[in-house]
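# Secondary and tertiary structure notes
Chain by chain, the residues run as shown.
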Amino acid sequence: MNKNLRQKSFNNIFLLILHRFKKGVVKLLKYKIIIAGAKDVGKSSLIARFCDNVFKEDMKATIGVDFKRKNITIQGAHSDISLELNIWDFAGEEKYRTLFPAYAHGASAAFILFDTTRRETLKDIDNWVEIIDKNAYSNIVKQIIATKIDLKGKREVSKKDAEIFFKKYDWCTEITSTSSKTGENVENAFIRVVKEIVKNNLQTCKSCDEIFNKKLKNCQYCGEKVDIELSPL
Ligand SMILES: Nc1nc2c(ncn2[C@@H]2O[C@H](COP(=O)(O)OP(=O)(O)O)[C@@H](O)[C@H]2O)c(=O)[nH]1
Ligand SMILES: [Mg+2]
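Rules of the game
- Per chain, residue numbering runs from 1 following the sequence as it is written.
- Chains carry letters and ligands carry numbers; both start at the beginning, A for chains and 1 for ligands, and go up in the order they are written.
- Predicted model: local features are reported for residues with pLDDT of at least 70 only, side-chain atom pairs are reported and counted for 80 or more only, and whole-chain, interface and lining totals are derived from all residues.
- Counting from the N terminus, the helices are DSSP H or I runs at least four residues long and the strands are E runs at least two residues long.
- With C-beta atoms placed from the backbone, a residue is buried if 20 or more other C-beta atoms are within 10 Å of its own, exposed if 12 or fewer are, and partly exposed between those counts.
- Two residues qualify as being in contact provided that their C-beta atoms, derived from the backbone, are within 7 Å of each other.
- Each residue receives a C-beta atom placed from its backbone. It is near a molecule or strand if this atom lies within 6 Å of it.
- Under this grouping Gly is polar, as are all residues other than the nonpolar Ala, Val, Leu, Ile, Met, Phe, Trp, Tyr, Cys and Pro and the charged Asp, Glu, Lys and Arg.
- Joined through C-beta atoms within 7 Å, a set of buried Ala, Val, Leu, Ile, Met, Phe, Trp, Tyr and Cys residues constitutes a nonpolar core.
- By this rule the span expected of a helix is its residue count minus one, scaled by 1.5 Å.
- Here the arc refers to the directions that run from the helix axis out to each C-beta atom.
- In this analysis, axes come from line fits to C-alpha atoms, helices being fitted only over the stretch in contact, and the angle between any two N-to-C directions falls in the range 0 to 180 degrees.
- Angle categories: roughly parallel below 35 degrees, roughly antiparallel above 145, roughly perpendicular from 65 to 115, and oblique for all the rest.
- Crossover handedness is defined by viewing with both strands directed away from the observer: a clockwise path from the first strand over the helix to the second marks the crossover as right-handed.
- The criterion for strand pairing is that DSSP finds at least two bridges linking the strands in question.

## Focus on the overall build of the protein
Across its full length, the protein carries six helices and eight strands. Counting every position in the protein, which comprises 233 residues, the buried fraction comes to 30%. Partitioning the contacts of the protein with sequence separation of at least 6, the portion at a separation of at least 24 is 68%.

## Looking at the site of ligand 1
The full set close to ligand 1 counts 20 residues, and Gly42, Lys43, Ser44, Ser45 and Lys181 are the nearest of them. For the shell around ligand 1, the element with the highest residue contribution is helix H2 (residues 43-52), accounting for three residues. Among the residues making up the shell around ligand 1, the classes are represented as three nonpolar, nine polar and eight charged.

## Examining the nonpolar core
The biggest cluster of nonpolar side chains holds 46 residues, and the ones touching the most others in it are Ile34, Ile35, Ala36, Ala110, Ile112 and Leu113. Sorting elements by how many residues they give to this core places helix H6 (residues 186-201) first, with seven residues. Not counting residues within four places of it along the chain, the set of residues in contact with Ala110 comprises Ile34, Ala36, Ile132, Ala136, Ile140 and Lys142.

## What to know about the environment of Glu196
On the secondary structure map, Glu196 appears in helix H6. Taking the C-alpha atoms as reference, Glu196 lies 9.5 Å from Lys142; in sequence the two are 54 residues apart.

## Considering unusual backbone geometry
Phi is positive for Asp40, close to 70°, though the residue is something other than glycine. On the secondary structure map, Asp40 appears in the loop between strand E1 (27-36) and H2. At Asn185, a residue that is not glycine, the phi angle is positive and equals roughly 70°. Assignment of secondary structure puts Asn185 in the loop between strand E6 (175-177) and H6. Asn185 gets classed as partly exposed once you count the C-beta atoms within 10 Å, which come to 17.

## Quick look at H6
Helix length check: H6, at 16 residues, gives a terminal C-alpha distance of 23 Å against a target of 22 Å (1.5 Å per residue), a fit within 8%. For H6, every residue scored as buried is listed here: Val186, Ala189, Phe190, Val193, Val194, Ile197 and Val198. On an axial view of H6, the arc spanned by its buried residues comes to 165°, and they lie on one face. Away from its buried face by more than 90 degrees, H6 exposes Asn188 and Ile191.

## Points about the environment of Ser108
The topology assignment puts Ser108 in the loop between helix H3 (100-104) and strand E4 (109-115). The buried category is assigned to Ser108, around which 25 C-beta atoms lie within 10 Å. Once the C-alpha coordinates of Ser108 and Tyr31 are considered, the two residues, 77 residues apart in sequence, prove to be 6.1 Å apart. With residues near it in sequence (within four places) discarded, Ser108 still touches Tyr31, Lys32, Ile33, Tyr137, Ile140, Val141, Ile197 and Asn201.

## Description of the packing of H2 against H6
Viewed as axis vectors pointing N to C, H2 and H6 meet at an angle of 85°, and their least axial separation amounts to 9 Å. Taken together, H2 and H6 sit at an angle that is classed as roughly perpendicular. Mapping the contact onto sequence places Leu46, Arg49 and Phe50 in H2 and Val186, Glu187 and Phe190 in H6. Of the residues contributing to the contact of H2 with H6, the split by class is four nonpolar, no polar and two charged.

## Focus on the pairing of strand E5 (residues 141-147)
Summarising burial for E5: seven of the seven residues are buried, a large majority. Burial along E5 is two-sided: Val141, Gln143, Ile145 and Thr147 and Lys142, Ile144 and Ala146, pointing in opposite directions, are all buried. In terms of handedness, the path from E4 via helix H4 (residues 125-135) over to E5 forms a crossover that is right-handed. Examined bridge by bridge, E5 and E6 share three bridges and lie parallel to one another. Note on E6: the bridge partner recorded for Ile145 is Thr176.

This is the structure in structure tokens:
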């Protein structure tokens with residue numbers, strides 16, 4: 001074996017050992033999630049419930065854009081994955097709408113909210129979706145959220161009405177109904193979306209079990225070539 005070759009195989013063995021030691025270390029990956037919807041549909045309340053487990057009846061109106069960060073760990077097939085969610089809260093008011101295309105840039109997921117107690121909040125949804133599709137990543141995960149389901153007596157949009165309205169979107173396989181007041185379904189909604197983000201963006205190396213970016217053609221840990229079979233996460 002010539003010197004170069006020996007050095008190379010030594011390096012490979014070293015990397016493999018290093019890699020085994022690293023197993024079990026939780027990786028931190030960052031994703032941008034945006035929240036869209038008309039003023040007062042409950043965007044800031046949804047974020048406050050998810051990030052801080054609080055609810056305020058007198059939530060202050062968002063000015064322009066706001067921002068929250070939340071780390072969550074999900075179980076992959078082989079190791080846990082830690083994700084940093086950067087959740088962007090947008091003021092739904094008309095005067096801020098021109099900011100929305102820039103706000104959607106680089107988003108991995110979008111929650112699109114309507115208020116079940118105000119039918120008119122469905123009106124702008126087509127517009128939100130169009131702007132998101134034009135400005136975010138093409139594989140963006142979109143999730144429709146029906147908010148304020150605790151206000152049963154005031155409900156103006158039934159589950160059936162919503163299903164009919166959203167049938168036009170082939171990506172809308174499920175409408176998640178939430179209450180930020182009681183907390184119902186809030187965490188489930190985020191978990192569902194995060195699982196989709198992971199499925200869209202990450203893959204597991206068949207050789208070393210590490211999880212890494214789906215865009216890469218070789219595993220960034222052991223160098224194994226990817227043959228496009230994804231393990232279920
Ligand atoms: N009962 C009830 N009220 C809610 C819920 N979510 C938000 N609200 C109220 O609706 C109002 C507007 O909420 P906010 O989160 O500021 O809406 P945003 O403009 O979309 O950010 C506030 O008074 C909230 O307390 C909910 O799930 N149930
Ligand atoms: Mg707000």
